[in-house]
Amino acid sequence: MHRAVSEAVRLLTAGDIVALPTETVYGLAADALNADAVAKVFEAKERPSFDPLIVHVPSKQALHDVAEVPESIKKPVIQLIERFWPGPLTIVLPKKPCVPDIVTSGMPTVAVRMSSHPIFKRISQSLGRPIAAPSANRFGSISPTSASAVKAELDGRIPLIIDGGACLHGLESTIIKIEPAEPKPLIIILRPGPIVPDDLKQYGRIQRTDKRIIDQPAEAPGQIASHYAPRTPLRLLQSPRDFIPEHGKRYALLSYRGEPRDGYVDLHDWEQVMVLSPGNGKLPEAAVRFFYVLRELDKLGVDEIIAEPLHEHGMGIAMMDRLRRAAARTTFSR
Ligand code: TXA
Ligand code: MG
């Protein structure tokens with residue numbers, strides 16, 4: 001791994017791009033302060049320029065190199081990074097002038113996090129500069145949680161993919177912004193992820209935005225409904241009664257626990273049933289397998305993927321968010 005790390009640092013220093021593991025999903029990395037390097041990320045992903053990137057800093061202190069921390073929210077910001085960094089929490093703050101406009105899509109704010117992945121950390125620390133890294137998939141597609149998934153998405157478009165095994169969390173970081181308020185600051189969750197509302201609530205009043213996905217593109221430019229979608233149409237059920245098969249169509253089931261008593265497994269003669277967390281159903285385990293299972297279901301070539309709803313607490317909030325977006329894309333493109 002030592003050689004891979006130094007090769008990644010060499011490429012990044014030279015203004016090239018590299019796919020790297022993080023604790024959430026694989027990222028496609030570039031030197032965040034080099035606009036030409038960042039442009040290569042947009043090109044490889046076919047990402048529209050209005051969708052800003054997350055900047056990963058090598059240390060907590062380095063936050064101040066790329067972002068301003070306004071006095072009015074200094075206390076919660078410092079508390080949150082002391083508690084959750086390095087880790088899957090991204091904070092949106094006013095940007096410093098050194099951050100090129102291409103990174104933030106011309107916005108005055110920048111989204112910052114510090115990854116806890118040992119390989120990412122080593123690369124980031126030896127580079128000694130902030131790294132811009134979106135998820136390493138084609139725009140609008142399923143995020144990669146393994147090196148082979150990155151290869152399926154971007155093979156031939158990037159010079160190096162570092163294989164760090166499967167990602168620990170399996171879902172993208174939680175993105176928040178903080179507004180001053182009395183008696184407690186307001187923590188607005190722009191994208192739900194592994195740091196769940198219960199983890200955050202002691203630091204402020206929580207506002208969720210994930211159920212308003214269909215009409216809120218202005219709020220977080222990249223949080224448009226079409227994200228995280230398989231190519232196969234996906235339908236998210238509210239209850240087993242909602243499913244009425246059409247004659248001659250082939251369906252696959254995305255099941256939470258694979259339990260017949262939940263009412264979905266025996267509902268139909270499914271082409272295939274894929275289970276997120278067999279047995280008792282554990283949300284963190286389901287999250288780790290989530291994008292992998294979606295990717296596998298997408299390969300079947302069925303007419304529609306039917307998804308069971310998940311418990312909407314903990315990591316279930318983030319998975320339901322991704323399922324709603326995938327389903328919304330289906331609705332839009334019909
Ligand atoms: O876990 C993660 O966050 C992964 C790993 C690689 O770090 N990265 C990731 O990046 O998910 P990406 O590009 O797939 O999603 C980043 C999202 C964008 O869609 C955008 O909505 C939001 O971050 N974002 C970036 N800058 C923002 C800003 N200034 N204000 C609001 N949202 C922003
Ligand atoms: Mg992404």
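Predicted, not measured: the structure shown is a model, and the values here were computed from it. Residue positions are given per chain, counting from 1 as you read along its sequence in written order. Each chain is given a letter, starting from A, and each ligand a number, starting from 1, according to the order in which they appear as written. Side-chain atom pairs in this predicted model are given and counted only at pLDDT of 80 or more, local residue features only at pLDDT of at least 70, and totals for whole chains, interfaces and linings cover all residues. The basis for every side-chain value is the complete set of non-hydrogen atoms in the structure, without hydrogens or water.

Draft legend 1. Structural detail: the site of ligand 1. Here a residue is near a molecule or strand as soon as one of its heavy atoms is found within 4 Å of it. Contacts to ligand 1 come from 25 residues, most closely from Thr-24, Arg-47, His-56, Ser-135 and Ser-173. We define a polar contact as two N or O atoms separated by no more than 3.5 Å, with the added condition that, inside protein, one atom must be a possible hydrogen donor and the other a possible acceptor, whereas residues neighbouring each other in sequence contribute only through side-chain atom pairs. A distance of 2.9 Å separates an oxygen atom of ligand 1 from a polar atom in the side chain of Arg-191. Alone, ligand 1 offers 670 Å² of accessible surface; in the complex the protein occludes 98% of this. Labels follow the DSSP assignment, with helices taken as runs of H or I lasting at least four residues and strands as runs of E lasting at least two, numbered in each case from the N terminus. For the shell around ligand 1, the secondary structure elements donating two or more residues are strand 3 (54–56) and strand 5 (109–114). Residue contributions to the shell around ligand 1 peak at four residues, all from strand 5. In the scheme used here, Gly and all other residues not listed as nonpolar or charged are polar, with Ala, Val, Leu, Ile, Met, Phe, Trp, Tyr, Cys and Pro taken as nonpolar and Asp, Glu, Lys and Arg as charged. Its residues placed into classes, the shell around ligand 1 shows twelve nonpolar, eight polar and five charged. Surface accessibility follows the Shrake-Rupley procedure with a 1.4 Å probe radius. Residue values consider only the protein chains on display as shielding.

Draft legend 2. Spatial organisation of the domain arrangement of the chain. According to the domain assignment, the chain contains domain 1 (2–208) and domain 2 (234–333). With 22 residues of domain 1 in contact, the opposing surface of domain 2 contributes 17 residues. Interface area for domain 1 against domain 2, summed over the two sides, is near 1500 Å², with a carbon-plus-sulfur share of 61%. Ranking the residues of domain 1 by area buried against domain 2 places Ile-142, Leu-171 and Pro-192 at the top, with a combined share of 39%. Delimitation of the domains relies on an automatic or database domain assignment. Contacts are assigned to residue pairs with any non-hydrogen atoms lying within 4.5 Å of each other. Buried area is a sum: the accessible area each of two parts loses on coming together, probed at 1.4 Å, counted once for each and added.

Draft legend 3. How the structure looks around the side chain of Thr-145. Structurally, Thr-145 can be placed in the loop between strand 6 (131–132) and helix 7 (147–154). On the basis of relative accessible area, Thr-145 is assigned to the buried category, the value being 8%. Each residue's exposure class comes from its accessible area (1.4 Å probe, protein chains only) as a fraction of the maximum for that residue type: buried when under 20%, exposed when over 50%, partly exposed otherwise.

Draft legend 4. Inspection of empty space enclosed by the protein at higher detail. Buriedness of a pocket was judged along seven lines, with at least five required to meet protein on both sides within 12 Å; pockets are open sets of points on a 1 Å grid over the protein atoms alone, cavities are sets where a 1.4 Å probe fits but cannot get out, and lining residues have an atom within 4 Å of a point. Grid points are joined across faces, edges and corners, and a volume is the space filled by probe spheres set on the points. Applying the stated criterion across every chain, the model contains one cavity of 30 Å³ or more. In this structure, the largest cavity encloses a volume near 50 Å³. Lining the largest cavity are Thr-174, Ile-189, Pro-192, Gly-193, Ile-195, Val-196, Pro-197, Arg-208, Asp-210, Gly-314, Ile-317 and Ala-318. Across the lining of the largest cavity, the residue classes tally to seven nonpolar, three polar and two charged.

Draft legend 5. Just the packing of aromatic side chains, in detail. Each Phe, Tyr or Trp ring (for Trp, its six-membered ring) is paired with any other whose centre lies within 6.5 Å, and the angle between the two planes then decides the class: stacked below 30 degrees, edge-to-face above 60, tilted in between. Following the criterion strictly, the structure yields four aromatic pairs and no others. Geometrically, the ring pair formed by Phe-84 and Tyr-203 is edge-to-face, given 6.0 Å between the ring centres and 75° between the ring planes. Within this pair, whereas Phe-84 is found in helix 4 (residues 74–84), its partner Tyr-203 is found in the loop between helix 8 (197–200) and strand 9 (205–208), the two being separated by 119 residues in sequence. By relative accessible area, which is 5% here, Phe-84 ends up buried. For Tyr-203, a relative accessible area of 11% puts it in the buried group. Taken together, a centroid distance of 5.0 Å and an interplanar angle of 90° make the contact between Phe-243 and Tyr-251 edge-to-face. Residue classification places Phe-243 among the buried positions, given a relative accessible area of 6%. Here the aromatic residues Phe-243, Tyr-251 and Trp-270 are joined through ring pairs into a cluster of three or more.

Draft legend 6. Seen up close, the pattern of salt bridges. Here, a salt bridge means any Lys or Arg side-chain nitrogen found within 4 Å of an Asp or Glu carboxyl oxygen. Scanning the entire structure with this criterion turns up 23 salt bridges. Note that Asp-210 and Arg-208 form a salt bridge whose closest N and O atoms lie 3.0 Å from each other. Taking the relative accessible area as the measure of exposure, Arg-208 reaches 33% and is therefore partly exposed. Residue Glu-259 is joined to Arg-261 by a salt bridge in which the shortest nitrogen-to-oxygen separation is 3.0 Å. One salt-bridge network, held together by shared partners, links Glu-172, Asp-321, Arg-322 and Arg-325.

Draft legend 7. Structural context of the sheet that holds strand 7 (residues 174–179). By definition, two strands form a pair when at least two bridges between them are found by DSSP. On the basis of which strands lie adjacent, the open sheet formed by nine strands has the order 1-2-6-3-5-4-7-8-9 and mixed pairing. One side of each edge strand has no neighbouring strand; the edge strands of this open sheet are strand 1 (18–20) and strand 9. For strand 8 (residues 186–191) and strand 9, the ladder comprises four bridges, and the chain directions are parallel. Each bridged residue has a counterpart across the sheet, and for Ile-187 the counterpart in strand 9 is Ile-206. Taken strand by strand, helix 2 (residues 35–45) contacts strand 2 (27–31) and strand 6, and its axis lies near 155° from that of strand 2. Comment: axis = line fitted to C-alpha atoms, over the contacting stretch for helices; angle = value between 0 and 180 degrees taken between N-to-C directions.

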